[in-house]
Amino acid sequence: AMEDVSAKFVSQKISRTRWRPPPAATLQPPDIFATGSWDNEDNRISLWSAGDLGNVGLNGEYHGEPHLLCDIQHNGDVMDMQFLDQERIVVASSTGTVTIFRHHQNNQTLSANHRWEKAHHHVDQDTCCGGAACTGVVCNNPEIVTVGEDGRVNLFRADQKDAVRTIDNADSSTLHAVTFLRTTEILTVNSIGQLKIWDFRQQRNEPSQIFSLAGDRVPLHCVDRHPNQQHIVATGGQDGMLSIWDIRQGTMPVSLLNAHEAEMWEVHFHPSNPDHLFTCSEDGSLWHWDASTNVSEKPSFLHQGGKSTTYLSHSTMNQSVVSAWLSNDPTKDRMEITNLIPNQTLSVNSLDVLGPCLVYGTDAEAIYVNRQLFA
Amino acid sequence: PPQVVPGADPAARQLCFAWGPAEGLVCETRFGRAGGSRSRPSPVPSRRDPSVDADTAGGAPGSSRVFVVRRDQDIYIQTLRKLFNESHGIFMGLQRSEDELAGKSRKAQLVQVSKNYRSVIRACMEDMHQAAVSARDPALQGQYSTQVSILSAMELIWNLCEILFVEAAAAGPLLLRLLDWVRLHVCDVDSMVREVLSSENPSKHELFWNVVDVFVLQGRMDEARHLLSKEATANPTSMNMYKILDDLMKKMPMPSLGNTQTLTELELKWQHWHEECQRFLQDGTFASNPHMESICKILLGDEDAILEKKELMTTWYHFLVTRLLYSHPTVRPMELRFYAQSSMDLFLGGESSPEPLDMILMAAFEFEMHQVIKECSIVLSNWWFVAHLTDLLDHCKLLQSHNLYFGSNMREFLLLEYASGLFSHHSLWQLGVDYFDHCPEFGRVYLELHMERVPLSTEQKALKVLRICEQRQMHEQVRSVCKIMAMKALRNNRLGSALSWSIRAKDAAFATLISDRFLKDYCERGCFSDLDLIDNLGPSMLLSDRLTFLGKYREFHRLYGEKRFAEAARLLLTLMTAHIAPCSFWMTLLTDALPLLEQKEIIFSAEQTYELMRCLEDLTAGNTDKQKFQEDDVETTKVEMLRLALARNLARVIVKEGTVEGS
C-alpha cells in the first residue's frame, strides 16, 4: 500500500539505487542503500539510512524518511552501480571510468578506493572526449565485469591494477547491461535486440551463444537471471516489453510480455522469492509481477516476528515458479501485475529489491523506500 | 526586477545585448578591467558559462568580459529544486483532474490543490531555514535567510489568493479564513508567547498582558480566557471584574462554517453582545484595570485602542483582520477593499510608504487578480509562483476573459516563461516538457525549439530526449537527435551504433552513407567488420538500397563460406541484374565471381554466363573514355582475366548442357 512508502526529494535526478547486501548470517531486513545521480553539473554517490527500525509503529507501519549518511562527488553521470561487498561500491561513469568507493562506517565517509580511468573508450582515447560511457557493471567479489557504449567487455579484479581480460569490439552496437550467468560466464544485452553469452574460459573473443529478438531488433536495456533457475533470463526492451528467455533452448525468447509504454530501465527477480519480479520504466511506472498467484497454495513468504522480519526458505516454491515463468503463454490472468506508482509522470530509472524492501529513484529527483513489499 | 550590469558604462559606450546560450542574455562590459569592480557579479550564476571569460575582439587594454544575464535566477538554487519537482507533480495532477467534477466537489478539489502547493512551499521553507541555521558562512546564511523570507511572502500571498479567489469564501466564513491566515503568518510574536507560557508563573511575567492582547487581537478567545483565569486566581479582589470580562469573551458570537445560522441571526446576536460590552465599558466596570479596559475597548472595535497595540500586530493586514473581527464580522468580499485601504492608511500613518508586498496584498483585497499577478511577476525573482498560481486561477475559471495582445493568454504566457527557465537548467529541463504540453497555443513550438538544444552527452540521455520527441510525433527532432548520435558514433568509428541510430530515425540517406563506409572498409581490408550487426539487419535492411545491398552481399559471402555455390552465384548475379549493387561495386562483384567460375564443377549456367558477360561489357563500355586516359594495368588485367574465365566457363557449360540435353 502507498502509505508504507516513504519518499524524499533529493535535488538530483537519481540514476541508480542499490541496497547494501546484509552481512552473511543475518536475517535483518536491509537498512542502508546507495544512490547515484545523473545529468547534474556535480553528480554524487550517496549512502542513505532507510530509517530507524525503532520507529516502527504498533501495527508495524513504518514512518520516517530516508536520511543521508554520507556522499561524495562523482565525475560524470552514474550509469550503473553495484555493491562489491559490505563496504565497497563499484560505480560505472559516463566518462568511461570505473571507480570503487569505500564506505568507512566508523566515521561515515566515502572515499575513492580504486579507479580504472577510461576503462571504456573510443578509438582516440587520448582526446578529451575519448572516453565512452560505461553502461553496466556487475560484481562477483573479487571479479568485476563492465560493458560500455564502445562495445567493449572488461574483466577486472578488485585487487589488480590492470584488466584481467578485455574484449575489444565485442559488440558492434552499444552494450546496455551485463549480469553473471555462472562464475565464468556473463550475459550481455545490446542495442540491436541481442542477448549474448560470453565464456571467459574461452580465449576466442566471440560470444559462445547469441539469442535475438525476432522482427524489429528492438534494443534491450536490462537483464537479470533467475536466482535459482539459471537458465531463466529476463530482459527489458526499448518498447517496454518484458522478454523471458530459456537459454537451454532456441535462439528466441520463450515469452514476450507487454509491459511498459517506454524503455524498461531495470528488471530484477526477487533474490529470495523469485516468483516475484520487478520492472521500472521511462514511462514513470514500477511493476510488480507476481507469478505465484497460480500456485495452489500461496506460499507464506514472511513471518511477522515482532520487530524484525524473517523469511522462509524458498526451496518449496521452485517447481511452480518454473512453470509460471516458462509457460508458453503466461497470460495476464495467470500473472498478477501491480503498478506500484500510479500517476507518476517522470521516469523511474532504477529499483532494487531485497527481503521485504524496495527502493527506487526517479527523474523527479526523489527516492522512495517501501519496507513492506508483501504486506 | 531590474538588474545592474557591473562595469557597464552606457555613457562611454553603448550597451549591446545578444541572446547567448541556454536562454541567457549576453552583453559586453568593462567589468573586470582595470578600474572596474573586482567583485563577482553576485546575483548572476555565471560560473559555468564559458563565455563569461571570453575575450572580445576589440583588443582594448585589459580583458573585456561578457556579462551573462539569466532569465530565471531562482532555477539555480539547489534547495528550490524540491519545490520545482514536487509542484510539477501537483501541476500534472491538476491538469489531469480537468473538469471531472462539478460544483462543490470541484471547488473542494481546487482548494486541496492550492493547499498542496502551499505545503510544498512550506516544506521548502523549512529546508531552507535548516540550511540557514546550519550554514557556517555568513554570506551563505544571509542568502538562505533571504530565500526564507521570499518563500514566506509567496506563501502569504498564495494563501490569501486561496481564500479570496479559489475558495471564494462568503461573508461569515470569510472572516474565519482571514483569522486563520493571520494566525498562520504573523509569527513575530510567537517566541514571546512561548516565553510567557513556559514561565513558572505566567501571570507574574512582565509580558503577560502583551500575550493576552496577542490572543485577543488574533481572536484566540479560549487561549486568552485560559491565561486570564490564572491572573484571576492570583487576584481574588478583582475576581468579579475577571468574571465579567471572561463572560463577554465567552459569549462573543462568531460566524460558523456550517449553515447553522444565517448572517442576519449572527448580526443580531453580535449587535446584542456589542451593546452589552458597551454597557460595561460605560459604567466603569473595568476602570480600575487599564489592561482589561483596553481589552474591552478592543472587543468594541475601538480603532484607537486596537492601533495602540500596533507592535503586537506588526502588519497592517493583521490590523485589518482584527478590525473586521470586532467591528464588521460579516464583511462581504466586495467590501474588503474599503477596509483594507483605510487599514493600511491608518496603520502606516504616513510614516512609511507601502512596500511591494503591501501593494500585492492590497490588490488581492481589491480582487484585482491581474494586478496581483503582474506585481508578483515584477517583484519575485522566479516565474514559478506566478505560473502556478495563474494556472490554478485559470482552472477556477477566473481568468477566461483576459487575452494578451500577443496571442496566447496570460496562463500560457507565464507557463511558457517558467518552462523556458527550466530548460535553461542543465538538469531540470525534463520538468519543462510537461508544462509545454499544457500550453495549447505555443507549447509545441517552444518544445521543439528547446528539445533541439538539449546537449546529448550520453546515449542514455539521447534515448530520453528521443522518447520525448517520439511520443509527441516531433519527426524533425527525432531525425535530428538520431543524426547527431549517428554522426558521433561514426566519428568514433562505431559503425554498428551509427547504423542503429539511423535505422531508428528511418534515415535512408544516412544509412546509405554508413553502408558505403562498411563497403569501403571491406574493399580495403577484404573482410567485414561488425558481422554481428550486418547478419542481424532483419527487416531494417529495406531502409535504404545500399543497406539492402550490404545485407545481401554479406549473405553472398555467407553462402559462399558454407559452400552453397549455386545459391551464392544466383544471388551474386541478381545483385547486378536487379541493379541492387551500385555500379561502382560491379567490378568487385565480378571479381568475386572469378573463383566460382574456376570451380571444378560448373556453377553458372549458359544463360547466367551470358548475363555476367553483358554486365562486364556494360561496365567496360561505360568506362572506355576514362580508360583511354588512365591506362590502368591492374584493371585491364582484371577485365582480361574475367573475359577468359567467362569464355572458358561458357565453353564448359555448352558442352555439359549439350550432353545433358542430348542424352
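Residues numbered from 1 in each chain as written. Chains lettered and ligands numbered in written order. Predicted model: local features only at pLDDT ≥ 70, side-chain atom pairs only at ≥ 80, totals over all residues. Heavy atoms only, no water.

Quick look at the overall build of chain B
Scanning chain B from N- to C-terminus turns up 30 helices and three strands. A total of 663 residues make up chain B; the buried ones form 50% of that total. Across chain B, contacts joining residues at least 24 apart in sequence account for 64% of those joining residues at least 6 apart. Split by element, the accessible area of chain B, about 31,700 Å² in all, is 54% carbon and sulfur. (Helix = DSSP H or I, 4+ residues; strand = E, 2+ residues; numbered from the N terminus. Buried < 20%, exposed > 50% of the residue type's maximum accessible area, 1.4 Å probe, protein only. Contact = heavy atoms within 4.5 Å. Areas by Shrake-Rupley, 256 points an atom, 1.4 Å probe, with all protein chains shown as cover.)

Section: the packing of aromatic side chains
Considering all chains together, one arrives at 32 aromatic pairs over all chains under this definition. Ring centres of Tyr-360 of chain A and Tyr-368 of chain A lie 4.8 Å apart, and the angle between their planes is 10°; on these two criteria the pair is classed as stacked. Both residues of the pair, Tyr-360 of chain A and Tyr-368 of chain A, belong to the buried class. A centroid spacing of 6.3 Å and a plane angle of 40° characterise the contact between Phe-556 of chain B and Tyr-560 of chain B, whose relative ring orientation is tilted. You can see Phe-556 of chain B and its partner Tyr-560 of chain B sitting in helix α26 (residues 545–561), four residues apart, about one turn around the helix. For Phe-556 of chain B, a relative accessible area of 3% corresponds to the buried category. Members of the aromatic cluster, connected to one another through ring pairs, are Tyr-522, Phe-549, Tyr-553, Phe-556, Tyr-560, Phe-565 and Phe-585 of chain B. Over the ring of Trp-38 of chain A we find Lys-13 of chain A, and its NZ or CZ is 4.5 Å from the ring centre. Against the face of Phe-347 of chain B rests Lys-310 of chain B, its NZ or CZ located 5.2 Å from the ring centre. (Phe/Tyr/Trp six-rings, centres within 6.5 Å; stacked < 30°, edge-to-face > 60°. Lys NZ or Arg CZ within 6 Å of the ring centre and 35° of its normal.)

Observations regarding the interface of chain B and chain A
At the junction of the two partners, chain B supplies 39 residues and chain A supplies 47 residues. In total, about 3,600 Å² of surface goes out of reach between chain B and chain A, with carbon and sulfur atoms giving 44% of it. Viewed at the interface, chain A and chain B are joined by five salt bridges. Of the charged contacts in the structure, one is a salt bridge between Asp-39 of chain A and Lys-461 of chain B, with a shortest N-O distance of 2.7 Å. Taken together, the connections running from chain B to chain A amount to 31 residue pairs in polar contact (both at pLDDT 80 or more). Mapped onto the side of chain B that touches chain A, the elements with two or more residues apiece are α1 (81–97), α19 (429–437), α21 (459–471), α23 (495–504) and α25 (531–534) of chain B. Take the side of chain B that touches chain A: its biggest share by element is seven residues, from α1 of chain B. By residue class, the composition of the side of chain B that touches chain A is eight nonpolar, 16 polar and 15 charged. (Buried area = accessible area lost by both parts, 1.4 Å probe. Salt bridge = Lys/Arg side-chain N within 4 Å of Asp/Glu carboxyl O. Polar contact = N/O pair within 3.5 Å; in protein donor to acceptor, adjacent residues only side chain to side chain. Nonpolar A, V, L, I, M, F, W, Y, C, P; charged D, E, K, R; others polar.)

Quick word on the UniProt feature "repeat: WD" (unreviewed entry) in chain A
Summarizing the sequence annotation, UniProt attributes the feature "repeat: WD" (unreviewed entry) to residues 213–255 and 257–299 of chain A in the numbering used throughout. Each end of residues 213–255 of chain A is marked by a C-alpha atom, and these two atoms are 11 Å apart; helix forms 0% of the span and strand 42%. (UniProt positions renumbered as here; feature names shortened; annotations may be inferred.)

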